[in-house]
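Structural description and commentary
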Amino acid sequence: MDRIRIKGGRPLNGTIPISGAKNAVLALMPAALLGDGALTLSNVPNLADVQTMTALLRELGMGVAHDTAARTTTITGPATAHEAPYDIVRKMRASVLVLGPLVARHGIARVSLPGGCAIGTRPVDLHLKGLEAMGATIAVEGGYIEARAPEGGLRGARIIFPVVSVGATENLLMAATLAKGDTELVNAAREPEIEDLALCLMRMGARIEGIGTDRLRIQGVGALVGGEHPVVADRIEAGTYACAAAITGGEVLLGGARLDHLGAVARVLREAGVGVAEEPAGLRVSRMNGLHGVDVVTEPFPGFATDMQAQFMALMCVAQGASMVTETIFENRFMHVPELARMGARINVHGASAIVRGVPSLSGAPVMATDLRASVSLVLAGLAARGETIVNRVYHLDRGYERLEDKLAAVGADVERMK
C-alpha cells in the first residue's frame, strides 16, 4: 500500500493548477443518464472516485470514454440495466446519485445503500422522501433501495428540505428535469457544485430557475439531449492548497480558483492572517504577519465547508493563541485529531467541538490516514513539521486529490510517494 513521505520546513512558492471539482463531476456524470446523445465533460480530474463512477455507469450499460490528454470524458447511453450493485456503490457515497436519473428516465432503479468515507451516518432519507413526493414507490430491503415511478412517470412536486442536503438536492434536481409539471425545491443546497450541475442540465435542455439560491424551480420537459460542459474548479482543492501555502509561510497562485466559490473559507483565512487576493489567473495566497487562532463552525455553503475543517485545524495547530473548531455537518469527523496529536499538536475534543492551542512547531511522525480530508490535513501538518512525516493509507487521498505529491513538489515541497 502506498505511503507519502514529507520532510517539512520548506515554504511553498509558485503556481498550483486547480483541477476540476471532484464533487461536481460525480454529479455531472450521472446526469448523462437523463439525455439522448453524448454528454462530453471537460476539465475532468483523474481521480479514483471518477474511476468508480465510470465503473458504475458502465455497469448500467453506458459508454464512458476518457481522453486523459484532453482531460475530457464522453458518456453515451441509454442505460440498459437499472441496478447499481453493492460491490461498486460501497466504495463511494456519490453512487446514490444514479437513483434520481434512473427513476426519471427509465421508471425503475435498484441501488445499493451507499458507502464512502467513515465520517458519519449520512442517511439517504431525504432523497427517498423527495422521490415519494414525486409519485415514486420506494422499498428498502436486503441493503438495496428499489424505486419505481408511477405509470406515466414522475410528477412535479413542492419539496421542502428540513435540513440542507447537497446529495438530495442533486438527486431530486436531476429527477425533476423529466417529471411532468413543475417542481420546487425549497431550502435547497447552494454549493457551487449544485450550480454547475444545473448549468449542465440546462445545456442538455432542462428548464431551471433560481440557480445559486435556496429555492430551485424546475419545469419538467419530455426529453433531454447530450451536450458539452466544463467542470468547475475544485474549491476544496483550492482551499487545501491555500492552507498549504499559509502553513509553510509561502506564496502560491492557485490557477483557476474562484474567490466567490470559497465562501466563508476565504474570510476565515484572512482573519487568521492569510492573504487571499483574486487575480485574473486565479487566487494568490500568502501568509501575512503570522498566524492567529480563529474560531470556525462548519455550515452549508456559503458557510465554512465541512470538507475544509481538517485542513484548517492543521493550520490552527501552528497559529498563535487558541481556536475552537465546531463540526455541525458530520458527527464523526475528528478522526485526524489523534494523528495530529502524534505530531505534537495540542487539541482537546469536547463533543462536536475541538479546542486547538497553537504550538511553535510540529514534529514529523508516522501517521495513519482515516478519510479523504483527514488524510490531506496530515500532509499539511507534515509540510510544516520538523523532520520526516510518513502518511500511511494514502488511497484515501487518491479519491479526491489529483497528483497531490507532484503539485506540492512543483512548488518546493520535499515530498514523494513511496510504493
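The preceding data block contains the structure.
1. Regarding the sheet that holds strand β9 (residues 144–148)
- Taken together, four strands build an open sheet; the order of strands is β6-β7-β9-β8 and the sheet is mixed. Pairing within the sheet leaves two strands with one partner each, and these edge strands are β6 (83–84) and β8 (137–141).
- Here β8 runs beside β9; their pairing, made up of five bridges, is antiparallel. Paired with Thr137 across the two strands is Arg148, which belongs to β9.

2. A short note on the side chain of Thr248
- Along the chain, the position of Thr248 falls in helix α8 (residues 235–248).
- Look at Thr248 and you get buried, because its relative accessible area is 13%.
- A distance of 3.3 Å separates a polar side-chain atom of Thr248 from the backbone oxygen of Ala245.

3. Remarks on helix α5 (residues 125–133)
- Looking only at α5, the buried set comprises Leu126, His127, Leu128, Gly130 and Leu131.
- In the core, the buried residues of α5 are packed alongside α4 (99–106), β8, β9, β10 (158–160) and α6 (166–176).
- Backbone geometry just after α5 places Gly135 at a positive phi near 100 degrees.

4. Section: the packing of α8 against helix α11 (residues 309–316)
- Look at α8 against α11: their axes get within 10 Å of each other, and the N-to-C directions meet at 5 degrees. When the axis of α8 is compared with that of α11, the two are roughly parallel. For the pair α8 and α11, contact is made by Ile236, Thr240, Cys243, Ala246 and Ile247 and by Gln311, Phe312, Ala314 and Leu315, respectively.
- Residue composition of the contact of α8 with α11, grouped by class: seven nonpolar, two polar and no charged.

5. What about the environment of Pro338?
- By the secondary structure assignment, Pro338 is in helix α12 (residues 337–342).
- Spatially, the C-alpha atom of Pro338 lies 44 Å from that of Leu39, the residues being 299 residues apart in sequence.

6. Structural notes on the packing of aromatic side chains
- Tallied over the full model, the rule gives one aromatic pair.
- Aromatic side chains Phe304 and Phe312 sit 5.5 Å apart centroid to centroid with 65 degrees between the ring planes, which places their arrangement in the edge-to-face category. This pair shows no difference in class: Phe304 is buried, exactly as Phe312 is.
- Against the face of Tyr144 rests Arg110, its NZ or CZ located 4.1 Å from the ring centre.

7. With respect to the pattern of salt bridges
- What the rule picks out here adds up to 25 salt bridges.
- Of the charged contacts, one joins Asp36 and Arg105 as a salt bridge, the two residues approaching to 2.5 Å between their closest N and O atoms. In this pair, Asp36 is assigned in strand β3 (residues 35–42) and Arg105 in helix α4, connecting sequence segments 69 residues apart.
- Taking relative accessible area as the criterion, Asp36 reaches 42% and is therefore assigned partly exposed.
- Here Arg105 falls in the partly exposed class, since its relative accessible area comes to 25%.
- Note that Glu146 is salt-bridged to Arg110, the shortest N-O span being 3.9 Å. Pair noted here: Glu146 is in strand β9 and Arg110 is in strand β7 (residues 108–112), with a separation of 36 residues, a long-range link.

8. Concerning the sheet that holds β10
- With mixed pairing, four strands are arranged side by side in an open sheet as β10-β11-β13-β12. Lying at the two open borders of the sheet, with one neighbouring strand each, are β10 and β12 (207–209). Direction aside, neighbouring strands of the sheet carry axes that sit 15 degrees apart on average.
- Where β12 lies against strand β13 (residues 215–219), three bridges are found, and the strand directions are antiparallel. The partner of Ile208 across the bridge, within β13, is Ile218.

9. As for the packing of helix α1 (residues 22–31) against helix α2 (residues 48–59)
- The N-to-C vectors of α1 and α2 enclose an angle of 10 degrees; their axes lie 10 Å apart at closest approach. Considering the angle they form, α1 stands roughly parallel to α2. Across the interface between the two elements, Lys22, Val25, Leu26, Met29 and Pro30 from α1 touch Asp49, Val50, Met53, Thr54 and Leu57 from α2.

10. As for α6
- Counting buried residues along α6, nine of its 11 residues qualify, which places the element largely inside the surrounding structure.
- Of the positions making up α6, those classed as buried are Ala168, Thr169, Glu170, Asn171, Leu172, Leu173, Met174, Ala175 and Ala176.

11. Structural notes on the pairing of strand β16 (residues 274–279)
- Relative to strand β17 (residues 282–287), β16 is paired through six bridges, and the arrangement is antiparallel. Paired with Val274 across the strands is Arg287, a residue of β17.

12. Considering the pairing of β17
- Where strand β15 (residues 251–255) lies against β17, five bridges are found, and the strand directions are antiparallel. Paired with Gly255 across the strands is Gly282, a residue of β17.
- Linking two consecutive strands that pair antiparallel, namely β16 and β17, is a turn of two residues.

What counts and what doesn't
Residues numbered from 1 in each chain as written. Predicted model: local features only at pLDDT ≥ 70, side-chain atom pairs only at ≥ 80, totals over all residues. Heavy atoms only, no water. Pairing = 2+ DSSP bridges. Helix = DSSP H or I, 4+ residues; strand = E, 2+ residues; numbered from the N terminus. Buried < 20%, exposed > 50% of the residue type's maximum accessible area, 1.4 Å probe, protein only. Polar contact = N/O pair within 3.5 Å; in protein donor to acceptor, adjacent residues only side chain to side chain. Contact = heavy atoms within 4.5 Å. Axes fitted to C-alpha atoms, helices over the stretch in contact; angles between N-to-C directions. Parallel < 35°, antiparallel > 145°, perpendicular 65-115°, else oblique. Nonpolar A, V, L, I, M, F, W, Y, C, P; charged D, E, K, R; others polar. Phe/Tyr/Trp six-rings, centres within 6.5 Å; stacked < 30°, edge-to-face > 60°. Lys NZ or Arg CZ within 6 Å of the ring centre and 35° of its normal. Salt bridge = Lys/Arg side-chain N within 4 Å of Asp/Glu carboxyl O.

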